[in-house]
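# Geometric and topological summary
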Amino acid sequence: MKRDTRLIHSGRSQRDRELVNPPVRRASTVLGDSAQALYEPTPGEHHYGRGGLSPNDELRAAIADMYEADHVGLAPSGLASVVLALRAAVTGPGEALITDSAYKPVRRFCDEELPRLGVTPRYYDPRIGADIAQLITPQTRMILIESPGSLTFEVQDIPAITAAARAAGVTTVIDDTWSAGWLMNPLALGVDYAAQALTKYAGGHSDFLMGAVAARGAHAKRLKSQESVNGLHVSPDDAFLCLRGLRTLPLRLERSGATGLELAHRLDAHKRIARVLHPALPSSPDHALYARQFSGPAGCFAFIVKDASAAQGEAIAESCQLFAMGFSWGGFESLILPCDRQIIRTAVPWSAEGALLRLSVGLEDVEDLWGDLARVLG
Ligand SMILES: *Cc1c(COP(=O)(O)O)cnc(C)c1O
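These figures come from a predicted structure and were not determined experimentally. (Residues numbered from 1 in each chain as written. Predicted model: local features only at pLDDT ≥ 70, side-chain atom pairs only at ≥ 80, totals over all residues. Heavy atoms only, no water.)

## Some points on the side chain of Asp192
Operational definition: Numbered from the N terminus, helices here are DSSP runs of H or I no shorter than four residues, and strands are runs of E no shorter than two. As used in this structure description, the phrase polar contact means that two N or O atoms lie within 3.5 Å; if the pair is within protein, one of them must be able to donate a hydrogen and the other to accept it, and residues adjacent in sequence are counted only when both atoms belong to side chains.
For Asp192, the position within the fold is in the loop between β5 (171–175) and β6 (193–197). Separated by 3.0 Å, the side chain of Asp192 and the backbone nitrogen of Thr172 make a polar contact. Only 3.4 Å separates the side chain of Asp192 from the side chain of His219, close enough to count as a polar contact.

The structure is reproduced here in structure tokens:
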């Protein structure tokens, strides 16, 4: 079956086959008929609720099918999923190479918590490509990729980075939230752990937080064990919503991506815009890499308003009527976010020709969205 069909039929309940959507089973205690059943449950059965019952199992199965993974770990937020992947990838003291474009709260984990695990973070230029080999030392344990990067949308050469990592025995992790595991499969490009905030596109309705990590082989085993020792649990109600969101993921991505790219083209041609940060634009420095690795664009990108101060950028966002202002992205409703207050770069200093605004393009009509932007830009 093609993957669009598989996404509709994967993760079906084995227990309640007559139901289209698996039932929500809320439980901490799971009763057993015998001590043997409690201590050594048959494979596929649960003896306690922490690992998740239904529809958590079905959600894991559907995501595993998307990534062709051997295990999918679920975490209570996207941030927790990236942290889970990093904890699984770090197997001893040394150094970690972290993309300079990492999501800011992930960066905080790297700066504050990795050193407590004996790991020193070193930040690298997201456009480094195969030259990452020159940063790898005998101490390097792990590389964290995010592509495209948060806020600034640089695309990374994943096959080149994973090839260099494998040659040196270094484990790789990616924050794959933008592609949602649908527009790209990082595991097929050689990444060991793929994490994503299901909060964004998989959920798609801006009403819960969750994250997933997918891995294969020995990494899948390690992931399963890390998930368990760290006590991660996801509510079955949220798992139900997430699985429901997943069924329409390709449709929503296609629509958001197409509308977003159309808006990106129009912004690119607008006299007040210095630069549009969207890898699917042919004028983007990342376009060739993007075209090689992604099957299409997501609907999240940014642009720089020429000569605007951060305060002027904020005023533009505040003047929008259709684009609401708020954190997060990937929902059905379009959002705009002024970003200058949250950019941190240490490997490659960030310099822009004006204020940076990020759009998360939802499912509204493209002309209505453009009308709002054209009005506030003047
Ligand atoms: C939002 C986001 C996260 C964190 O997701 P939460 O569910 O909000 O914790 C991680 N990585 C990226 C790239 C994100 O945009």
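## Points about the packing of aromatic side chains
What counts here: Any two of the Phe, Tyr and Trp rings considered here, Trp counted by its six-membered ring, make a pair once their centres fall within 6.5 Å; the pair's planes then place it as stacked at under 30 degrees, edge-to-face at over 60, or tilted in between. The buried label applies to any residue whose accessible area, calculated with a 1.4 Å probe on protein chains only, is under 20% of its type's maximum; exposed applies above 50%, and partly exposed to all values in between.
Under the defined criterion, the tally for this structure stands at 4 aromatic pairs. Taking 6.5 Å as the distance between ring centres and 80 degrees as the angle between the ring planes, the aromatic pair formed by Trp178 and Tyr290 counts as edge-to-face. On the criterion of sequence distance, the pair formed by Trp178 in the loop between β5 and β6 and Tyr290 in helix α10 (residues 287–293) is long-range, its members being 112 residues apart. Each member of the pair, Trp178 together with Tyr290, is buried. Ring centres 5.5 Å apart and planes at 15 degrees place the aromatic pair Tyr290 and Phe294 in the stacked group.

## Focus on the UniProt feature "modified residue: N6-(pyridoxal phosphate)lysine" (unreviewed entry) in the protein chain
Stated precisely, the cut-off is as follows: UniProt positions are given in the numbering used here, feature names are shortened, and annotations may be inferred rather than shown by experiment. Contacts are assigned to residue pairs that have any heavy atoms within 4.5 Å of one another.
According to UniProt, the "modified residue: N6-(pyridoxal phosphate)lysine" (unreviewed entry) feature falls on Lys200. Assignment of secondary structure puts Lys200 in the loop between β6 and β7 (211–215). By relative accessible area, which is 9% here, Lys200 ends up buried. If we ignore the near neighbours within four places in the chain, the residues touching Lys200 are Thr177, Ser328, Trp329 and Gly330.

## Considerations on the nonpolar core
Note the following rule: By nonpolar core we mean a set of buried residues, namely Ala, Val, Leu, Ile, Met, Phe, Trp, Tyr and Cys, connected to one another through side-chain atoms within 4.5 Å. Where each domain starts and ends follows an automatic or database-derived domain assignment.
Leu59, Ile63, Ile143, Leu246 and Leu249 are the most contacted members of the largest nonpolar core, which totals 62 residues. Taken together, domain 1 (3–247) and domain 2 (249–377) each give at least three residues to this core, which thus spans both. Among residues more than four places away in sequence, those in contact with Ile143 are Leu97, Tyr124, Ile132, Ile136, Ile161, Ala165, Val170, Thr171, Thr172 and Val173. Judged by nonpolar contacts, the second largest core, of 29 residues, contains Ala89, Val106, Cys110 and Val213.

## Quick notes on the side chain of Arg345
For clarity, the threshold we go by: Two residue types count as positive, namely Lys and Arg, and two as negative, namely Asp and Glu; His and chain ends fall outside the count. Salt bridge criterion: a side-chain nitrogen from Lys or Arg within 4 Å of a carboxyl oxygen from Asp or Glu.
Structurally, the position occupied by Arg345 is in the loop between β11 (335–338) and β12 (354–360). Here Arg345 sits buried without a salt bridge, and the closest side chain of opposite charge, Glu154, lies 4.1 Å off (N-O distance). Here the side chain of Arg345 touches Asp100 through a polar contact of 3.2 Å, landing on its backbone oxygen. A polar side-chain atom of Arg345 sits 2.3 Å from a polar atom in the side chain of Thr152.

## Overview of the domain arrangement of the protein chain
Cut-off, in case you're wondering: What gets called buried area is simply the loss in accessible area from a 1.4 Å probe that two parts show on being joined, summed for both. Amino acids are sorted into nonpolar (Ala, Val, Leu, Ile, Met, Phe, Trp, Tyr, Cys and Pro), charged (Asp, Glu, Lys and Arg) and polar (every other residue, Gly among them).
Split by domain assignment, the protein chain resolves into domain 1 (3–247) and domain 2 (249–377). Averaged C-alpha coordinates put domain 1 and domain 2 at centres separated by 26 Å. Between domain 1 and domain 2, the residue contacts involve 43 residues of the former and 37 residues of the latter. The largest per-residue losses of area from domain 1 upon contact with domain 2 belong to Leu151, Trp178 and Tyr201, which jointly make up 25% of the total buried on that side. In this assembly, domain 1 and domain 2 are joined by 1 salt bridge. Among the salt bridges present, the one from Arg127 reaches Asp286, with a minimum N-O distance of 2.8 Å. Remark: the boundary between domain 1 and domain 2 carries 20 residue pairs in polar contact (both at pLDDT 80 or more). Sorting the residues of the side of domain 1 that touches domain 2 by element identifies α1 (3–9), α5 (104–112), β3 (119–124), α6 (158–167) and α8 (236–247) as the ones contributing at least two each. Residues that form the side of domain 1 that touches domain 2 fall into these classes: 19 nonpolar, 13 polar and 11 charged.

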